[in-house]
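Chains, contacts and geometry: an overview
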Amino acid sequence: MRSFFPAESCKEAHPNALNPQSWLQIERGKLPKLSSSSHPSSASIESLIKVPQPAILPFFKPVDYVEVLAQIHEELESCPPQERSNLFLLQYQVFRGLGEVKLMRRSLQGAWQRAHTVHEKIIFGAWLKYEKQEEELIADLLAACGKCAKEFAPVDIASLLPFDVNAGSEGRTTNENCISQNVTFTIGSEKIICERQKISELSAPFRAMLKGHFSESLSETIDLSENNISPSGMKAISDFSLNGSLIEVLPNLLLEILVFANKYCCERLKDACDRRLASLVSSKEDAVELMEYALDEHSTVLAASCLQVLLRDLPNCLNDNRVVEIFVHANKQQLAVMVGPGIFALFCFLGEVSMNLNSSSDTTAHILERLVEFAENDQQRLLALHQLGCVRLLRKEYDEARCLFEGAVNAGHIYSVAGLARLDYIKGDKLLSYGQLNSVISSVTPLGWMYQERSLYCDGDKRWEDLEKASNLDPTLIYPYTYRAASLMRTQNAQAALAEINRILGFKLSPECLEVRFFIHLSLEDYKAALCDVQTILTLRSDYRMFEGRVAASQLCTLVREHVERWTTADCWARLYDCWSAVDDIGSLSVIYQMLESDAAKGILYFRQSLLLLRLNCPEAAMRSLQLARQHASSEHERLVYEGWILYDTGHYEEGLWKAEESINIKRSFEAFFLKAYALADSSIDPSCSPTVISLLEDALKCPSDNLRKGQVWF
């Protein structure tokens, strides 16, 4: 997830600026070796490796994921249609806690498809757009294939919010024998002649005034000067009473007419004005300006149109205080006009976006306060309370955080106990923190995070034992490995520390773990291995910062490179072949990083990089590499292959197949046939296509390629 809550120790300001040159001496041997009997200096590995406390994540983390997911599945099959989108939203939150990005998006897709109201359609459509921001980069590819992802297309709000005919007919007369006559409305010095019958049909108040027992029913002239309507506005209303259209009316008059129509209960006029204004909303500025009118006049179509424009501009629009004010200060009645019954889903979405922008900002806190306010059941409440508790903790608002975490625990969220334990530890009551986690472990089926949290409040062998249990229960937790590696380094056991951090790097590629290994290799003066680690970090995240965020990884890469002999292009290819054959994916990534700095053909290198990143379960970085491969393709048929893989990896299998066929028509290549086989296998569930897939793979083997890629076909 984009959202990350760093430990408090990482947020403190450092009084002295770090000079990387003082940490990494240019002359070999200046950094103390661990085998030395002398006591390490201030630049020792102990000061290099700092392991922050694990973050308390703002996620829904139930004790039994299987039970919760099974219950959601069961309820989805039997619940009323209007409840399904909220169940899919809950499912999304469960998968978010598990870090399952693809399943999260599938849940959002389910919520969008089964949205019961147009407002839910708007929210989940915008959420999908936000979650799939990288797919905006392939809009041209989808368009070329004659397809546009539906969730990217704005909702036709007017067609989904039809006008209530009964509401609009309230003021119509049934007196067919009434003789048509004119009435003159004076506004200041101007006179507007209207057809009495038609004006009376606009609303019950007009009917009572013009056809009832009021004195105006006998008057030929009526003064409307005190009713905040201009002569031009009244003329437009008169025209509408005759032809039912506001198409030619200027926007400023539409706002005037909207207020007038709402005041005099002219439902047909108000609806026409509402829809006409909604059709004019095309930018954030329009939406901000018109939303106030929409909420004040209860104009649902206009409000929904403004909402759609704002949500589809996320995250940018949350940097605009005017937009934040709309969401934060609207009352419940105004929110009902804006978003119908989808208030919780709206603030759930806004909260996630705001946390990704700045977890400790005032905006995030205000939005999550509203999330708590509009939670409708225990599951929604515990999520909202926990998320706001995490934000309060980051903001060092400890008393407020405690109340929120306690509320989440009372609603059934055991994971929030971790927040309470941190707060007790901050107050200096380490024993109470330990007792809280100990109580949780003894009362439910223990999970890895529970032992990890308890380890923070004990020392020595007890901490080590808890971290071992945490790793056994959940091998994906990063903190136990980094802590053990750092501890081993402090006892000057570098090889054991290296083996420990390699345990997790064998199946989970993490920049944080690579950073720890970088320091270990640095202490051993294994500069080639250190360079490999920092180059892999830069492949994953080019803006990554090390030394607790104080130094850019790219700067350290430059310093370490001065200790390593430069490789020729031939050396790089030989090394890449060795790494690939040995399934040394991290080594392969490092070699490719070096090769990309040369004048070698970059398209194929970025493509190989994407394959490695996919194998290492780094889909976002892999997509960036595929995009770069497309930009640097050396030929048309090569570019088509990369475009096909981009489409394939984003779930557009048929479009990927089409790109492969286009490439083959230009030139038969291993990569094109390989892509076609993959895309065909995934786009069809018919077993009869298996012989075709096998035939395509055989065709691929007949085309020129290196043995590394061909090995995948045989596999």
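Above: the structure in question.
All figures in this text were calculated on a predicted structure; none of them were measured in a lab.

1. Regarding the side chain of R370
By secondary structure assignment, the location of R370 is in helix α20 (residues 362-373). Looking at R370, the relative accessible area reads 8%, which means it is buried. In this structure R370 touches F327, V328, H329, A330, L335 and F347, once residues within four positions along its chain are discounted.

2. Thoughts on the packing of aromatic side chains
All told, the structure shown has 22 aromatic pairs when counted by the stated rule. When the ring of Y425 is compared with that of Y457, the centres are 5.5 Å apart and the planes differ by 55°; the resulting orientation is tilted. Within this pair, whereas Y425 is found in helix α23 (residues 417-426), its partner Y457 is found in the loop between α25 (448-455) and α26 (460-473), the two being separated by 32 residues in sequence. Under the relative-accessibility criterion, Y425 is labelled partly exposed at 34%. Its relative accessible area of 4% is what places Y457 among the buried residues. Seen from their ring centres, W645 and Y678 are 5.6 Å apart, and the 65° between their planes marks the pair as edge-to-face. You can see W645 sitting in helix α36 (residues 636-649) and its partner Y678 sitting in helix α38 (residues 670-683), a full 33 residues away along the chain. Residue classification places W645 among the buried residues on the basis of a relative accessible area of 5%. Take Y678: its relative accessible area is 37%, and that puts it in the partly exposed class. Here the aromatic residues F607, Y642, W645, Y648, Y653, F670, F674 and Y678 are joined through ring pairs into a cluster of three or more.

Cut-offs used in this document
Residues numbered from 1 in each chain as written. Predicted model: local features only at pLDDT ≥ 70, side-chain atom pairs only at ≥ 80, totals over all residues. Heavy atoms only, no water. Helix = DSSP H or I, 4+ residues; strand = E, 2+ residues; numbered from the N terminus. Buried < 20%, exposed > 50% of the residue type's maximum accessible area, 1.4 Å probe, protein only. Contact = heavy atoms within 4.5 Å. Phe/Tyr/Trp six-rings, centres within 6.5 Å; stacked < 30°, edge-to-face > 60°.

By themselves these figures say nothing about function.
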